[in-house]
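# Survey of secondary and tertiary structure
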Amino acid sequence: MTQANITYLFHSGYSVETATRFLVFDYYQPSENLQFLTSRSFQTTPPAWVFASHSHGDHFDPVIFSWDSPENPITYVLSDDVFPKRIPPGHRCHVLKEGESLSQDGLVITAYGSSDLGLSFLVEADGLRLFHAGDLNWWHWKGETPVEQAYAKDLFHEKMAALRGQQIDIAFFPVDRRLEEFHSLGAETFAKEIKPTWLLPMHFGKDVEASRLFAAKAAELDIKTKVIEYANQRFEITL
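Since the model is a prediction, treat every value here as computed from it, not as a measurement.

Each value, and the rule that gives it
Residues numbered from 1 in each chain as written. Predicted model: local features only at pLDDT ≥ 70, side-chain atom pairs only at ≥ 80, totals over all residues. Heavy atoms only, no water. Helix = DSSP H or I, 4+ residues; strand = E, 2+ residues; numbered from the N terminus. Rg over C-alpha atoms; globule rule 2.2 N^0.38 Å. Contact = heavy atoms within 4.5 Å. Areas by Shrake-Rupley, 256 points an atom, 1.4 Å probe, with all protein chains shown as cover. Lys, Arg positive; Asp, Glu negative; His and termini not counted. Charge placed at Lys NZ, Arg CZ, Asp CG, Glu CD. Pairing = 2+ DSSP bridges. Axes fitted to C-alpha atoms, helices over the stretch in contact; angles between N-to-C directions. Expected span 1.5 Å × (residues − 1). Buried < 20%, exposed > 50% of the residue type's maximum accessible area, 1.4 Å probe, protein only. Arc of directions from axis to C-beta. Phe/Tyr/Trp six-rings, centres within 6.5 Å; stacked < 30°, edge-to-face > 60°.

## Considering the overall build of the chain
In terms of regular secondary structure, the chain is built from three helices and 13 strands. In terms of C-alpha radius of gyration, the chain reaches 17 Å, essentially the compact-globule figure of 18 Å for 239 residues. Across its three principal axes, the chain shows a C-alpha extent of roughly 50 × 40 × 40 Å. Within the chain, contacts between residues separated by at least 24 positions form 61% of all contacts whose residues are at least 6 apart in sequence. Counting every atom, the chain has about 10,600 Å² of accessible surface; 49% of that belongs to carbon and sulfur. Positive and negative side-chain charges of the chain, numbering 21 and 32 respectively, have mean locations separated by a distance of 2 Å.

## What to know about the sheet that holds strand β5 (residues 74-79)
If you walk across this open sheet you meet the seven strands as β6-β5-β4-β3-β2-β1-β13, and the pairing is mixed. Strand pairing shows two members of the sheet lacking a second neighbour, β6 (92-96) and β13 (233-238), which therefore form its edges. Between one strand and the next, the sheet's axes are offset by a mean angle of 20°, whatever the strand orientation. One ladder, built from five bridges, connects strand β4 (residues 48-52) with β5; its direction is parallel. Paired with A52 across the two strands is L78, which belongs to β5.

## Considerations on helix α3 (residues 209-221)
Taking 1.5 Å per residue as the helical rise, α3 with its 13 residues ought to reach 18 Å, and the 19 Å between its terminal C-alpha atoms agrees with that figure. Those residues of α3 that fall on the buried side of the exposure criterion are A210, S211, F214, A215 and A218. Viewed end-on, α3 has its buried residues packed into an arc of 140°, placing them on one side of the element. The outward face of α3, more than 90 degrees from its buried face, is lined by the exposed residues A219 and E220. Buried residues along α3 sit against α2 (185-194) and β12 (198-202). Following α3 by one or two positions, D222 has its phi on the positive side, about 60°.

## Digging into unusual backbone geometry
Even without a glycine there, the phi angle at D105 is positive, about 55°. Inspection of the secondary structure puts D105 in the loop between β7 (101-104) and β8 (107-112). Its identity as a non-glycine residue notwithstanding, D126 has a phi of 55°, on the positive side. Residue placement: D126 occurs in the loop between β9 (120-125) and β10 (128-132).

## Brief notes about the environment of W139
Tracing the backbone shows W139 in the loop between β10 and α1 (146-161). Linking W139 and F156, residues 17 residues apart in sequence, is a C-alpha distance of 8.0 Å. When near neighbours in sequence (up to four residues on either side) are disregarded, W139 contacts S115, D116, E144, A152, P174, D176, R178, L179 and H203.

## Remarks on the packing of aromatic side chains
Ring pairs (aromatic) are described by centroid distance and by the angle formed between their planes. Counted under the stated rule, the structure contains 19 aromatic pairs. Between F22 and F42 the ring centres are 5.6 Å apart and the planes differ by 75°, which places this aromatic pair in the edge-to-face class. In this pair, F22 is assigned in strand β3 (residues 22-25) and F42 in the loop between β3 and β4, connecting sequence segments 20 residues apart. With relative accessibility at 7%, the residue F22 sits in the buried group. With a centroid separation of 6.1 Å and 65° between ring planes, the pair formed by F60 and F65 is classed as edge-to-face. A residue is classified by how much of its surface remains accessible, and F60, at 1% relative accessible area, is buried. Taken together, the ring pairs connect Y8, Y14, F25, F51, F121, F172 and F204 into an aromatic cluster.

## Brief notes about the sheet that holds β9
Taking strand neighbours across the sheet as the criterion, the six strands line up as β7-β8-β9-β10-β11-β12 in an open arrangement whose pairing is mixed. On the outer flanks of this sheet lie β7 and β12, each paired with one strand and no other. For this sheet, the mean inter-axis angle between neighbouring strands, taken without regard to orientation, is 15°. Relative to β12, strand β11 (residues 170-174) is paired through five bridges, and the arrangement is parallel.

Now the structure itself:
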């Protein structure tokens, strides 16, 4: 059996501790009063890798570079739209474009596309295959024209095509009630076509009701999920 210790940080931010690595995805703290991680958080973790799927402020927070130190060095994996404008010097950064991959220190990272800015990431670590979607989603906005809606649909399915056939143990995927009744359309489609073992919702900020609603849909699709109820919620997943 393989175990992952997971923390829902906030919005699209998750951390995953595997047997030998501590992975942080798309960290975002909306204010200094809501610090979900600090440099102290990394003093007792395994070697840390921090990912930013794109430069939108709710997925990339420059505070992530303040965690790095000679005592607890961090490796950063960033979408190329983040680099080089917002990266201070002196950090270990890997910058990826869609279709590129990286293999280092026992990790295999592949950059997939997004239906918005930046990338999504597939990360293989300690026998686990983790997928963080970034802003990859079926962004069906009711206020858009039929042409715009059709474009959003086609773009989503185009990016999804590259993922078909991939085995994914745990996926982190947007569920956003601003899309109204289509809030989990992308997540449901991803679950049906890609069939991850677990699908954990994200991109809902403080709107944890979105997670509860998705849990009902996930039960219908026979997809395992967790109901997210608060920031810094922690749980274990065993595969």
